[in-house]
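The primary structure of each chain is shown beneath.
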Amino acid sequence: KQEVTQIPAALSVPEGENLVLNCSFTDSAIYNLQWFRQDPGKGLTSLLLIQSSQREQTSGRLNASLDKSSGRSTLYIAASQPGDSATYLCAVRTSSYKLIFGSGTRLLVRP
Amino acid sequence: EPEVTQTPSHQVTQMGQEVILRCVPISNHLYFYWYRQILGQKVEFLVSFYNNEISEKSEIFDDQFSVERPDGSNFTLKIRSTKLEDSAMYFCASSDNRYTGELFFGEGSRLTVL
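Residues numbered from 1 in each chain as written. Chains lettered and ligands numbered in written order. Predicted model: local features only at pLDDT ≥ 70, side-chain atom pairs only at ≥ 80, totals over all residues. Heavy atoms only, no water.

## Observations concerning the overall build of chain A
1) Next: When helices and strands are tallied, chain A shows zero helices and 11 strands.
2) Next: A compact globule built from 111 residues should have a C-alpha radius of gyration of about 13 Å, and chain A, at 13 Å, falls within 12% of that.
3) Next: The principal-axis extents of the C-alpha atoms in chain A amount to approximately 40 × 30 × 20 Å.
4) Next: Out of the 111 residues in chain A, the part that is buried amounts to 48%.
5) Next: If you take every contact in chain A between residues at least 6 apart in sequence, the share linking residues at least 24 apart comes to 53%.
6) Next: Distance between charge centres in chain A, computed from 11 positive and 8 negative side chains, equals 6 Å. (Helix = DSSP H or I, 4+ residues; strand = E, 2+ residues; numbered from the N terminus. Rg over C-alpha atoms; globule rule 2.2 N^0.38 Å. Buried < 20%, exposed > 50% of the residue type's maximum accessible area, 1.4 Å probe, protein only. Contact = heavy atoms within 4.5 Å. Lys, Arg positive; Asp, Glu negative; His and termini not counted. Charge placed at Lys NZ, Arg CZ, Asp CG, Glu CD.)

Put into structure tokens, the structure is as follows:
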């Protein structure tokens, strides 16, 4: 059974810092991995999608990597800003229709 | 930019009442999903829908739940007789590909069962 774990559960950093969020999954047989942002009480905004054949994806200040064989992904945020404060979720697409989500990392960027 | 829209944003209902949550997926997408998130817990899969039938459902999706695409644009989730434990945020999502497509989520419908 696929399990997705995110570390750390919460993170507080000063503005301007570069930071890394971690995601691990137990079954490497995935089709893709997706990173989402969730603001309190709001929906899920897709940030990056990495297909199983890819090693990384970049969008602006965000860079996500995928090491399928070791069951790990990282989300790198460069030059963090207070507006980046949110919960970041990773989710993997397994051999079915569904995404399996992690519990998320709650990020606070202090001005 | 195309988006998934959901209504209502918040619904309060009495235990035992029927609730219908509505979603308009992105227009050229063929795969539709419902997920839910109980406060403080993980986002969890409920059901996927393709070609007017359920493709997969979770253990949560019992006989009290049903989904429908009544008119080619809306995608609905019905809960026949709500329980207190159905209180959650319900998210609709759509995708253009079964395995490799990106899932796009709506803003969610918050259901509170009293």
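More follows now that the structure is in view.
## Here we look at the interface of chain A and chain B
1) Next: Every contact between the two is made by 24 residues of chain A and, on the other side, 24 residues of chain B.
2) Next: Each partner contributes to the roughly 2100 Å² buried at the junction of chain A and chain B, and carbon and sulfur atoms together form 54% of this total.
3) Next: Scanning the region where chain A abuts chain B turns up one salt bridge.
4) Next: Across the pair Glu56(B) and Lys98(A) runs a salt bridge whose closest N-O atoms are separated by 3.6 Å.
5) Next: For the pair chain A and chain B, the interface holds 12 residue pairs in polar contact (both at pLDDT 80 or more).
6) Next: At the level of elements, strand E4 (32-38), strand E5 (44-51), strand E9 (86-93) and strand E10 (99-101) of chain A are the ones that each hand at least two residues to the side of chain A that touches chain B.
7) Next: Per-class residue counts for the side of chain A that touches chain B are nine nonpolar, 11 polar and four charged. (Buried area = accessible area lost by both parts, 1.4 Å probe. Salt bridge = Lys/Arg side-chain N within 4 Å of Asp/Glu carboxyl O. Polar contact = N/O pair within 3.5 Å; in protein donor to acceptor, adjacent residues only side chain to side chain. Nonpolar A, V, L, I, M, F, W, Y, C, P; charged D, E, K, R; others polar.)

## Let's talk about the sheet that holds strand E3 (residues 19-25) of chain A
Across a sheet, paired strands are connected by hydrogen bonds in the backbone, their directions being either parallel or antiparallel.
Residue and element names in this part refer to chain A.
1) Next: In spatial order, the strands read E1-E3-E8-E7-E6; together these five strands make up an open sheet with antiparallel pairing. This sheet does not close on itself; its edge strands, each paired only once, are strand E1 (4-7) and strand E6 (56-59). Strand-to-strand twist across the sheet, computed as the mean angle between neighbouring axes with direction ignored, equals 15°.
2) Next: With six bridges joining them, E3 and strand E8 (residues 72-77) adopt antiparallel strand pairing. (Pairing = 2+ DSSP bridges. Axes fitted to C-alpha atoms, helices over the stretch in contact; angles between N-to-C directions.)

## What about the side chain of Ser46(A)?
1) Next: Relative to the helices and strands, Ser46(A) is located in strand E5.
2) Next: In this structure the side chain of Ser46(A) is engaged in a polar contact, spanning 2.9 Å, whose partner is the side chain of Gln34(A).
3) Next: Looking at Ser46(A), its side chain comes within polar contact range of the side chain of Glu102(B), at 2.5 Å.
4) Next: Not counting residues up to four positions away in its chain, the partners in contact with Ser46(A) are Gln34(A), Trp35(A), Phe36(A), Glu102(B) and Leu103(B).

## A few points about the pairing of strand E11 (residues 109-113) of chain B
All names here are of chain B.
1) Next: Across the two faces of E11 the burial differs, with Ser109, Leu111 and Val113 buried and Arg110 and Thr112 not buried at all.
2) Next: Of the pairings in the sheet, the one linking strand E9 (residues 88-95) to E11 comprises three bridges and is antiparallel in character. Across the sheet, tyrosine 90 pairs through a bridge with serine 109, a residue of E11.

## Considerations on the packing of aromatic side chains
Residue and element names in this part refer to chain B.
1) Next: In total, this model carries 14 aromatic pairs over all chains according to the counting rule given.
2) Next: Ring geometry for tyrosine 35 and phenylalanine 45: centres 5.6 Å apart, planes at 75°, overall edge-to-face. A residue pair is termed long-range when its members are at least 10 positions apart, and tyrosine 35 in strand E4 (residues 31-37) and phenylalanine 45 in strand E5 (residues 43-50) qualify at 10 residues. (Phe/Tyr/Trp six-rings, centres within 6.5 Å; stacked < 30°, edge-to-face > 60°.)

## So, the layout of surface pockets
1) Next: Of the pockets and cavities examined, the largest pocket occupies roughly 480 Å³.
2) Next: Lining the largest pocket are 21 residues, with Gln38(A), Thr87(A), Gln37(B), Gly40(B) and Gln41(B) positioned closest to its centre.
3) Next: Of all the elements in the fold, those that place two or more residues in the lining of the largest pocket are E9 and strand E11 (105-110) of chain A.
4) Next: If one sorts the elements of the lining of the largest pocket by residue count, E9(A) sits on top with three residues.
5) Next: Here the residues of the lining of the largest pocket sort into six nonpolar, 10 polar and five charged.
6) Next: Taken as a whole, the second largest pocket spans an internal volume of roughly 400 Å³.
7) Next: Around the second largest pocket sit 16 residues that line it, and Lys1(A), Lys98(A), Ile100(A), Glu44(B) and Phe45(B) are the ones nearest its centre.
8) Next: Listed by contribution, the elements that provide at least two residues to the lining of the second largest pocket are E10 of chain A together with E5 of chain B.
9) Next: For the lining of the second largest pocket, the class distribution of residues is seven nonpolar, three polar and six charged. (1 Å grid on protein atoms, 1.4 Å probe; cavity = no way out; pocket = protein on both sides within 12 Å on 5 of 7 lines; lining within 4 Å. Points joined across faces, edges and corners; volume = space filled by probe spheres on them.)

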